[in-house]
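Geometric and topological summary
Next come the chains, spelled out residue by residue.
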Amino acid sequence: MSDTVTLKINGRTITASAGSTLLAAAQSANIYIPNLCSNEELTPYGACRLCMVEIAHGKRTRMVASCIYEVAEGLEVQTVTERILNVRKLVIELLLARNPYHPRLLKISHELGVQASRFKEDVKGCILCGQCVRTCREVVGVAAIGFKGRGRTRTVATPFDKAPADCIACGSCAYICPVKVIPLEDKNNVRTIWKTEFPMAVCKKCGRPFAPEKQLAYFRKIANLPENHFDTCIQCR
Amino acid sequence: MKKLKSPGELAALQAEIRAGRDPKKPCITICAGTGCLAYGTQKIIECFRQEIDKQHLQDRVQLRTSGCHGFCERGPMVVIHPQKIFYQRIKAEDVPDIISKTVLAGEIIDRLSYVDPATKQKIVYEHDVPFYKRQTRYVLGMNGDIDPACIDDYLAIGGYSGLSKALSGMKPEAVIEEVKKANLRGRGGGGFPTGWKWESTRKAAGEPKYIICNADEGDPGAYMDRSLLEGNPHLVLEGMLIGAYAIGSSQGYIYVRNEYPLAVHNITLAIEKAREVGLLGENILGSGFSFDIKINRGGGAFVCGESSALFASIEGRSGEPRAKYVHATDQGLYNKPTNLNNVETWGNVPLIINRGADWYASIGTANSTGTKIFSLVGKINNTGLVEVPMGITLREIVYDIGGGIPNGRKFKAVQTGGPSGGCIPEQFLDMPVDFDELAKIGSMMGSGGMIVMDDRTCMVDVANYFLKFLEEESCGKCTPCREGVLQMRLILDRICEGQGKEEDINTLEWMGQAIIDGSLCALGGSAPNPVLTTIKYFRDEYEAHIKHKKCPAGVCKALITYSVDAEKCTGCHACARVCPTQAATGEKKKTHVVDLGKCIKCGACFEACKFDAIKIL
Ligand SMILES: Cc1cc2nc3c(=O)[nH]c(=O)nc-3n(C[C@H](O)[C@H](O)[C@H](O)COP(=O)(O)O)c2cc1C
Ligand code: FES
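Residues numbered from 1 in each chain as written. Chains lettered and ligands numbered in written order. Predicted model: local features only at pLDDT ≥ 70, side-chain atom pairs only at ≥ 80, totals over all residues. Heavy atoms only, no water.

Counting 128 residues, the largest nonpolar core has A:L7, A:L22, B:L492, B:L508, B:V531 and B:Y542 as its most contacted members. Here this core gets nine residues from one element, more than from any other, and that element is helix α2 (residues 82-98) of chain A. Among all residues touching A:L22, those that are not within four sequence positions of it are A:L7, A:V53, A:I55, A:V64, A:S66, A:Y69, A:V71, A:L75 and A:V77. Core analysis: the next-biggest nonpolar cluster, separate from the first, contains 72 residues, B:I151, B:Y160, B:V175 and B:L241 among them. (Core = buried A, V, L, I, M, F, W, Y, C linked by side-chain atoms within 4.5 Å. Buried < 20%, exposed > 50% of the residue type's maximum accessible area, 1.4 Å probe, protein only. Helix = DSSP H or I, 4+ residues; strand = E, 2+ residues; numbered from the N terminus. Contact = heavy atoms within 4.5 Å.)

What follows is the structure, encoded as structure tokens:
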């Protein structure tokens, strides 16, 4: 089996590695497709629906999420059609009703020519792209947060809305969030995240707080490191 | 019971059971489906038992508790065999009479017979009841002859002969060919050709292969799958066995919603019985084919009926659809080739194998063969489950079987296809009902819900009602479905409250198409249908709400006022008596009035007035 395939995006012939998504193939060919829930490091999720594209399907065309759909030999893809633009405009207008201020959303809406959302605002901040949930589970490996509720009541939450037992306060969720709505605060040698306080480890050399104790303990455990491994911060090591 | 080791042994057992039964022996069949049980049937069953004991009739009279007969509205009901005398809305007090007079003396008890509301005629026999007469009850009709807890009842009417036929001499490919030739299409909503799906699963690489029976049945008001599982569980098992053999699967699942305790109970019992006699398990009927079934109880979310959400739920993950562009037939449950079919689809399979594809394909239309069970509800005289050949017209269903619209009101629309189906106006009443015709006019077969609406139904309000259901059932994963359906509903709310804007109709149509195009699964992909079809066929009603701030059907509270028609008012005071806010007042025998300042538009006066004197404007 050959490990590259040739396909056409917007009439241009493109070679992509087999198994890659349409989004990745388009991006490496410098073809822009807006997206919000996709992240190369994470399992494709296909929920925001901004990245929809049209593929030829017999005589008709079919709408697919480019962040999940895989490239195939001879596939013909269009990334800007009226049908696609309508979906993207709808999605961004709907998301603006949840979060009318984040620059990333405003940039996409500007690109699509959407001035403002026509829809009733109910500002929640979070756009439910699920990157935090997937990062916690797939990259950090702890699953301290997840989705709760269904439909409009869906939120990202800790189990039973309590202090998350598995959270190591690494802050990856806050870091990955595309619209920066997960509060994280470091103050007085304490990190506050998910409404829970985590003490920070203090460097034995320079005396500065450098990482949450729970996170260091977690690293020591998974990497089988000695108890004193993280006594000093990276700079002092 | 000893295990059956060959098709011959099965045939012998069927014959033995039949020989032991006297077809002339009176048998009182009492419907004990969920619908009738809700009317207190359990107590009536006890009364029959006691009365039979009291009169020492155990040997002369048989009592059979069966599954749903379909005419739930008339429950509790009994059918007395062999004549099939039909009694409806019976009470415990009627039991001694039924036994002494009808069963023993052959006398008909007039007060228990059904009266056709249209002709006012008394009807004695079940097969003469118009509701049944115009149906073609190949699948559901067996329910009346079967106690679901008794495998012998199923065997007595030739049960498991289809399986036996498949296992003795038909290659799996030949079974698939037969199902393809019969042109069976999935009854769970999409109408996908069943034979093709089986073939894809059979040919897919990967072991084991799974087959699943989808009994999630989340459509509000629909209960055909429940009635089949409850009333004739062995039929569904037989269908699955035949499918498993054809596909090459050794493990099946039945995914049944938790709210169906009786269905779960009956199917569990049926599985145990089938194992006992060797119709499930290893080396079935000595053929070398082995198969078994597990039951999975779903949490009851509507979206769990969607295939990828259903797999996730069985695997123990949260029941959310996944955007996957591989077919379940290649990678479904546990990423193995999986064939998912609806309860009713499985229930049709034994018929096809038993009676042949040609016979089956002769029922219905060219591209939609066989029968379909509908759950007929709403503003209609006879509500219940009806099984009709595909291609029957809506008019036949609504008027001939359903008995028309109650209280002489006018037909306005029928909603088919469940919550995300479409509303069909009067102009299509003579259209044949099949998969393709329904799709052509913007609706769908769905799982077979059919809600009839009269002229006092507001179509904007109806669209709003369905959207609200879908909004609450959306899993919330993808943006168009979660936020889009909600925002459409908020616009409809506004229109119903008299705050509609000129551009709303266009916005709704635009949003509807984008939600259909952009949603992750078919829930969002069909959710705008009720809005789009009502706009298409009842646009003037939307315009009346938006431009003239009027609700022509007199439903939307913000847009109507109640007043008294002086010509018609007799001064009977009925309105004043029921009015909770003393808005309707007047002296006896004089024309009454409604004080709009006090009126809360509850509609109590309207309902109470016998002279049509309360006007809605
Ligand atoms: C939101 C949603 C809910 C569904 N619910 C059901 C259901 O309750 N029962 C069912 O048989 N199919 C349901 N389906 C359809 C299934 O996904 C699937 O197409 C069907 O079970 C296949 O069986 P069939 O080919 O025999 O129709 C649903 C689909 C969607 C999108
Ligand atoms: S980026 Fe593809 S659906 Fe969100």
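Still more to cover.
Take the domain arrangement of chain B next. Domain annotation of chain B identifies domain 1 (25-135), domain 2 (159-171 + 188-353), domain 3 (371-454), domain 4 (459-547) and domain 5 (561-616). Taken over C-alpha atoms, the centre of domain 2 of chain B sits 57 Å from the centre of domain 5 of chain B. (Domains from an automatic or database assignment.)

Turning our eyes to something else, we now look at the site of ligand 1. All names here are of chain B. Residues in close proximity to ligand 1 total 19 residues, the closest being G188, E217, N341, N342 and T345. Take N214: an N or O atom from its side chain is 2.9 Å from an oxygen atom of ligand 1. Taking T345, its side chain carries an N or O atom lying 2.7 Å from an oxygen atom of ligand 1. Calculation on ligand 1 without its partners gives an accessible area of 610 Å², and the protein chains cover 87% of this total. The set of elements that each furnish at least two residues to the shell around ligand 1 consists of β10 (338-342) and α21 (522-526). Grouping the amino acids of the shell around ligand 1 by side-chain chemistry returns four nonpolar, 10 polar and five charged. (Near = heavy atom within 4 Å. Polar contact = N/O pair within 3.5 Å; in protein donor to acceptor, adjacent residues only side chain to side chain. Areas by Shrake-Rupley, 256 points an atom, 1.4 Å probe, with all protein chains shown as cover. Nonpolar A, V, L, I, M, F, W, Y, C, P; charged D, E, K, R; others polar.)

A few words on the state of the cysteines. Tallied over the full model, the rule gives zero disulfides over all chains. Unpaired in this structure, A:C170 has its nearest cysteine sulfur neighbour in A:C173, at a distance of 6.3 Å. A relative accessible area of 23% places A:C170 in the partly exposed class. There is no disulfide at B:C27, and the cysteine sulfur nearest it, in B:C150, is 11 Å away. A relative accessible area of 6% means that B:C27 is categorised as buried. (Disulfide = S-S within 2.5 Å.)

Sheet strands pair via backbone hydrogen bonds, and the direction of the pair is either parallel or antiparallel. Residues and elements named next belong to chain A. The sheet built from four strands is open, its strands ordered β8-β9-β10-β11 with antiparallel pairing. In this open sheet, the two edge strands, each paired with only one partner strand, are β8 (184-187) and β11 (209-212). Within the sheet, the average angular offset between the axes of one strand and its neighbour, ignoring direction, is 30°. Relative to strand β10 (residues 196-202), strand β9 (residues 190-193) runs antiparallel, the two sharing four bridges. Paired with I193 across the strands is T196, a residue of β10. (Pairing = 2+ DSSP bridges. Axes fitted to C-alpha atoms, helices over the stretch in contact; angles between N-to-C directions.)

This brings us to the pattern of salt bridges. This structure, assessed with the given rule, holds 51 salt bridges over all chains. Across the pair B:E173 and B:R202 runs a salt bridge whose closest N-O atoms are separated by 3.4 Å. Of this pair, B:E173 sits in helix α8 (residues 172-182) while B:R202 sits in helix α9 (residues 194-203), and the two are 29 residues apart along the sequence. Here B:E587 makes a salt bridge to B:K590, at a shortest N to O gap of 3.4 Å. Three or more residues joined by partner-sharing salt bridges are found here, namely A:R152, B:E471, B:R489 and B:D493. (Salt bridge = Lys/Arg side-chain N within 4 Å of Asp/Glu carboxyl O.)

For the rest of this paragraph, the subject is the environment of A:A163. One can find A:A163 in the loop between β7 (155-157) and α5 (172-176). Between the C-alpha atoms of A:A163 and A:I176, which are 13 residues apart in sequence, the distance is 21 Å.

Let us look at a positive patch on the surface. On the surface, B:R577, B:K588, B:K589 and B:K610 cluster together into a positively charged patch. The residue B:R577 is located in helix α24 (residues 574-578) in this model. (Patch = residues over 30% accessible without salt bridge, like charges linked within 9 Å, V, L, I, M, F, W, Y side chains within 5 Å. Lys, Arg positive; Asp, Glu negative; His and termini not counted. Charge placed at Lys NZ, Arg CZ, Asp CG, Glu CD.)

Turning our attention to the interface of chain B and chain A. With 30 residues of chain B in contact, the opposing surface of chain A contributes 33 residues. Buried surface at the junction of chain B and chain A, both sides included, amounts to about 2,600 Å², of which 58% is carbon and sulfur. A per-residue breakdown of the area chain B buries against chain A is headed by B:Y325, B:W510 and B:D517, which together make up 27% of the total. On the surface where chain B and chain A come into contact, there are five salt bridges. For A:R83, the salt bridge goes to B:D517, with nearest N and O atoms at 3.1 Å. The interface formed by chain B and chain A holds 17 residue pairs in polar contact (both at pLDDT 80 or more) in total. Among the elements that line the side of chain B that touches chain A, the one with the most residues is helix α19 (residues 479-496) of chain B, at nine residues. Classifying every residue of the side of chain B that touches chain A by side-chain character gives 13 nonpolar, eight polar and nine charged. (Buried area = accessible area lost by both parts, 1.4 Å probe.)

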